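Spelled out from the first residue to the last, the chains are:
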Amino acid sequence: MTRTSTYILFSVFFFTALMCTAPASAAPDEAKLGIGLEQGYDYPYILEIDPYGLGAAAGLMQGDHIKQIGSVSMWFTDQAEKFFKYHLSKDKPFIVLIERNGALNQIIVDKSKPYRVFPKKPGTDVFSNCYFAPETSCIQSIIETMRPDGSSHSSLLRHYFSKIESFMLLNEKQKAMAVFRDMERLFFNDPTLVEYDSWSVLESRNLLGLAPEKRHFDYIYRHTEKRISALAQKASMFAKFGQAGYADIFYNDTISMIEKKPDELQNKLMFIAPMLAKLGKKQQLLRYLQADNYSSTVRNSLLARYITELVKEQKRGELKDALSMIFSVKRPWTNKDYVLFAKLFHKLHMNDAARNMVERLEKLHEKNNDKPLFQPLTARSLIVVNGALGRIHLARKYIDKHYKDQPLEMLMKLAVEAANSRSSKVLAVQYYKDLPKLIDEAYALLIKLPAAQKKKLNRRVAVDFYEVLAAHQYANPQYSELKAYTHYEDDYKGVIETFIAARRFDEAMTWINAAEQEFGTTYWHGDIYSALGALSPSREFSEKFKKYPSFQNNKIRYYNSHIARLYWNGYFEEALLNFNLLNTAQKVNLTLNQAKFVVPCKMCTI
């Protein structure tokens with residue numbers, strides 16, 4: 001065994017122990033936040049919260065994305081649980097950075113802060129009475145008045161699922177079962193629902209304590225398109241609901257299709273890796289890793305995604321084996337592979353292992369001292385990997401040495417990697433003191449670049465760099481500038497989302513208006529109003545945005561978030577005034593969220 005593999009294995013065991021055990025300083029009677037976490041795509045979020053708990057008193061709310069605890073970035077639920085428990089075991093307040101409706105918020109958790117009080121306030125109609133004085137009976141009656149938000153079968157199926165979920169939350173199983181019978185009747189009479197709505201049917205059965213039956217499998221299998229992505233998703237779905245036999249049939253079909261079209265493995269990694277992880281198909285993973293007909297990039301990307309999925313699923317035993325496979329399975333490696341695993345280790349908080357990847361690249365770079373054509377390639381990888389670890393000053397040395405004559409694209413790439421090294425670009429710009437200077441330098445060079453040379457820049461790097469510019473409070477990127485690199489609507493969305501995260505709402509509005517002139521109506525105005533509603537800006541600031549014509553089309557998103565925040569923070573009279581502006585359907589949807597006040601929190605383990 002090599003020194004490196006021994007080193008990585010040590011990190012694996014250390015990481016596994018870290019994920020499985022609570023900090024030694026935690027006392028048996030440690031304080032509780034009263035929250036339950038769930039794993040999102042690349043962040044943990046608050047699935048449930050006790051309204052009367054410490055987390056609620058601090059200002060945390062259901063749906064908050066946990067971005068940072070203390071000064072440590074969070075990507076996975078296990079990480080957030082561990083760091084929450086660590087800080088709760090201390091007597092000092094600590095800061096939690098969350099993203100709420102797209103905008104960043106700083107929450108101070110202080111165990112000495114008094115808990116929330118939610119006095120019952122009379123409303124002006126049956127809905128406001130229920131919202132401001134929630135009781136099980138009134139919420140149950142509100143559930144029964146729910147109506148679908150559209151006329152399509154898919155809308156109706158979502159409506160059934162929402163009712164079943166709400167009834168089961170109130171322990172009304174018989175009523176939930178009656179709705180479920182209507183749901184299944186609709187599902188089995190419309191095969192077009194299979195592709196996107198199978199999950200809600202099986203999840204409804206799961207909520208009712210029922211496993212999928214053969215008739216569900218037969219129907220779903222018969223109407224699932226024989227595409228790798230569709231088959232892999234259905235395999236993962238049945239595995240989630242504990243039906244390994246049915247999952248294996250979809251899995252076998254997926255593997256057979258890959259054997260017929262090997263190139264599809266590379267194109268469908270985002271579906272195949274989760275399937276292998278959810279079904280525990282370690283041997284199939286090994287076969288792909290050892291297959292000479294796949295490039296190192298495909299093999300290592302598959303392994304990295306597999307590991308990420310195991311972390312999300314909290315499969316700690318399998319995770320240890322998968323991490324050890326990084327070096328125990330023989331296969332070719334390239335510069336990109338070292339960068340890939342350095343980034344993965346960084347997200348897993350395995351910092352020593354991440355730095356070890358950099359050391360291996362540095363040695364490879366030194367070996368190429370007498371190869372002037374190859375050295376810039378390894379230098380580029382070292383710039384990327386050091387940026388991904390937030391070591392901007394080290395990456396700059398390679399730019400100054402190897403890209404001195406044309407540094408712009410590498411400066412932009414470094415800024416992008418450094419910004420993505422934290423769980424939020426906005427946080428990264430604030431955290432790394434030398435990142436704003438780097439952004440300013442690259443932007444100044446970019447603005448001066450002749451139009452003909454701008455077209456030669458890597459399009460993806462340019463688009464990503466503009467997202468970083470949006471995170472920098474003192475940069476003022478213009479919509480017209482990005483047009484030099486792209487004609488795709490989605491490329492503008494990332495910049496607008498970053499503006500919203502940084503609370504740069506005026507800039508976001510300017511870009512949205514420009515985008516809609518070019519591409520037509522988008523839903524991005526709603527993103528701004530939803531974020532504004534979830535914040536507590538000055539009344540003058542909020543009223544200014546209400547005057548935009550787009551507000552009338554998106555005001556419900558503002559009012560839903562605004563009313564919830566007002567109520568949560570004790571501004572009951574103002575919340576009631578805003579509640580009265582809603583129509584019946586909107587009042588129903590908002591009132592259903594008050595169930596947390598009448599049922600115990602089932603997921604609140606922290």
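Computed from a predicted structure; not experimentally measured.

Definitions and limits used
Residues numbered from 1 in each chain as written. Predicted model: local features only at pLDDT ≥ 70, side-chain atom pairs only at ≥ 80, totals over all residues. Heavy atoms only, no water. Axes fitted to C-alpha atoms, helices over the stretch in contact; angles between N-to-C directions. Helix = DSSP H or I, 4+ residues; strand = E, 2+ residues; numbered from the N terminus. Parallel < 35°, antiparallel > 145°, perpendicular 65-115°, else oblique. Contact = heavy atoms within 4.5 Å. Nonpolar A, V, L, I, M, F, W, Y, C, P; charged D, E, K, R; others polar. Core = buried A, V, L, I, M, F, W, Y, C linked by side-chain atoms within 4.5 Å. Buried < 20%, exposed > 50% of the residue type's maximum accessible area, 1.4 Å probe, protein only. Salt bridge = Lys/Arg side-chain N within 4 Å of Asp/Glu carboxyl O. pLDDT = per-residue confidence, 0-100.

### Side note on the packing of helix α15 (residues 296–313) against helix α17 (residues 335–347)
Okay, so step 1: As a packed pair, α15 and α17 sit with axes 10 Å apart at the nearest point and diverge in direction by 5 degrees. One element, α15, and the other, α17, form an angle in the roughly parallel class. Between α15 and α17, the residues in contact are S296, T297, N300, S301, L303, A304, I307 and T308 and D337, L340, F341 and L344, respectively.
Okay, so step 2: The residue inventory of the contact of α15 with α17, partitioned by class, reads six nonpolar, five polar and one charged.

### Focus on the nonpolar core
Okay, so step 1: Judged by nonpolar contacts, the single largest core of 198 residues is most densely connected at F84, V96, I307, L435, F465 and I528.
Okay, so step 2: Contact partners of I528, with chain neighbours within four places excluded, come to I500, F505, A508, M509, I512 and F545.

### So, the pattern of salt bridges
Okay, so step 1: In total, this model carries 35 salt bridges according to the counting rule given.
Okay, so step 2: Residues E518 and K483 are paired through a salt bridge, measuring 3.0 Å at the closest nitrogen-oxygen approach. Here the residue E518 occupies a position in helix α28 (residues 505–519), and K483 occupies one in the loop between α26 (479–482) and α27 (489–501), the gap between them amounting to 35 residues.
Okay, so step 3: By relative accessible area, K483 is classed as partly exposed at 34%.
Okay, so step 4: Note that E507 is salt-bridged to R504, the shortest N-O span being 3.3 Å.

### Thoughts on the side chain of S236
Okay, so step 1: Note on placement: S236 falls in helix α10 (residues 228–240).
Okay, so step 2: Excluding anything up to four places from it in sequence, S236 contacts P274, M275, K278 and L279.

### A closer look at the confidence of the model for the protein
When pLDDT is low, close inspection of the predicted coordinates is not appropriate.
Okay, so step 1: Summing up the model confidence of the protein, the mean pLDDT is 92 and the portion of residues at 70 or higher is 94%.
Okay, so step 2: Confidence over residues 1–14 falls short of pLDDT 50; this stretch has 22 contacts with residues more than four positions distant or in other chains.
Okay, so step 3: Here residues 16–28 is a poorly scored stretch, pLDDT under 50, and it has 13 contacts once near neighbours within four places are set aside; other chains count.

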